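# Breakdown of the fold
Residue strings, one per chain:
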Amino acid sequence: MPHATTAKPLLLRGFEIYKSFLTPSAQEAMLSDLRDVVRAAPLFSPMTPYGKPMSVRMTSSGTYGWVSDRRGYRYAPQHPDGTAWPAIPETIMEVWRAVSQTDRSPDCCLMNFYAEGARMGLHQDRDEADFAYPVVSISLGNEALFRIGNPERGGKTESLWLHSGDVVVMGGAARLTYHGVDRIKFGASPLMPKGGRINLTLRVVD
Ligand SMILES: O=C(O)CCC(=O)C(=O)O
Ligand SMILES: [Fe+2]
């Protein structure tokens, strides 16, 4: 498995943060797989139930993908264009197997694309059936200011910059901890010369 380190993660409010988990060549291999995913399941701009488009563009791989429209947020077995989601690439599955501490496979790999100005408000990931399974997050491309709150709404928060190749495990007592992305440092990066950030989250859905 071509990741740089399995050294002990940093712990921040129960989130396990593996800095530089993926080597530059592992990131390149993953990005190449993601180009195939996007060809099969194009990025789309989800509508919030309030009728406002989200600033990130999204797609998924796996048995389920995450969709959002005026009917609300949910996991769906098909892309909005009606086709099945492509399989989760093996380069991504390897990360899950290395850090998730479960034998269960993920059902969904949600891909968020952050263009200039995109962000994600503080939220909990709670559309999954069983919160005993972690959510595993992989960052590629531009750095993101990631904010971590508390298991309940409100209270003090802490932020850190996530870099390309970093992996975060949101599990255990922190599985329902609020988190979000305040901003990205948009610009050319070695991995993505045109700029932008990709975040992948692996999830057990049902
Ligand atoms: O982009 C990130 O780092 C976090 C994404 C996220 O929280 C989500 O997709 O639920
Ligand atoms: Fe999330």
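Heads up: the structure comes first, above all this text.
Described in the following lines is the structure provided in the data block. (Residues numbered from 1 in each chain as written. Chains lettered and ligands numbered in written order. Predicted model: local features only at pLDDT ≥ 70, side-chain atom pairs only at ≥ 80, totals over all residues. Heavy atoms only, no water.)

## Quick look at the layout of surface pockets
- Approximately 740 Å³ is the volume found for the largest pocket.
- Surrounding the largest pocket, 34 residues form its lining, M54, W66, M120, G121 and H123 being those nearest its centre.
- Breaking the lining of the largest pocket down by element, the ones donating at least two residues are β6 (108-114), β7 (120-123), β12 (179-184) and β13 (197-203).
- Looking at the lining of the largest pocket residue by residue, the class counts come to 14 nonpolar, 11 polar and 9 charged.
- Approximately 360 Å³ is the volume attributed to the second largest pocket.
- Residue lining of the second largest pocket: 14 residues in total, with L31, R35, F113, M192 and I198 positioned closest to the centre.
- Of all the secondary structure elements, the ones that give two or more residues to the lining of the second largest pocket are α1 (24-40) and β6. (1 Å grid on protein atoms, 1.4 Å probe; cavity = no way out; pocket = protein on both sides within 12 Å on 5 of 7 lines; lining within 4 Å. Points joined across faces, edges and corners; volume = space filled by probe spheres on them. Helix = DSSP H or I, 4+ residues; strand = E, 2+ residues; numbered from the N terminus. Nonpolar A, V, L, I, M, F, W, Y, C, P; charged D, E, K, R; others polar.)

## Remarks on helix α2 (residues 90-99)
- Residues I92, M93, V95, W96 and V99 constitute the buried set of α2. Summarising the axial view, the buried residues of α2 lie within an arc of 155°, below the 170-degree limit, and thus occupy one face.
- Contacts from the buried residues of α2 go to β2 (15-18), α1, β6, β8 (135-141), β11 (167-170) and β13. (Buried < 20%, exposed > 50% of the residue type's maximum accessible area, 1.4 Å probe, protein only. Arc of directions from axis to C-beta. Contact = heavy atoms within 4.5 Å.)

Nothing here speaks to function; it is geometry throughout.
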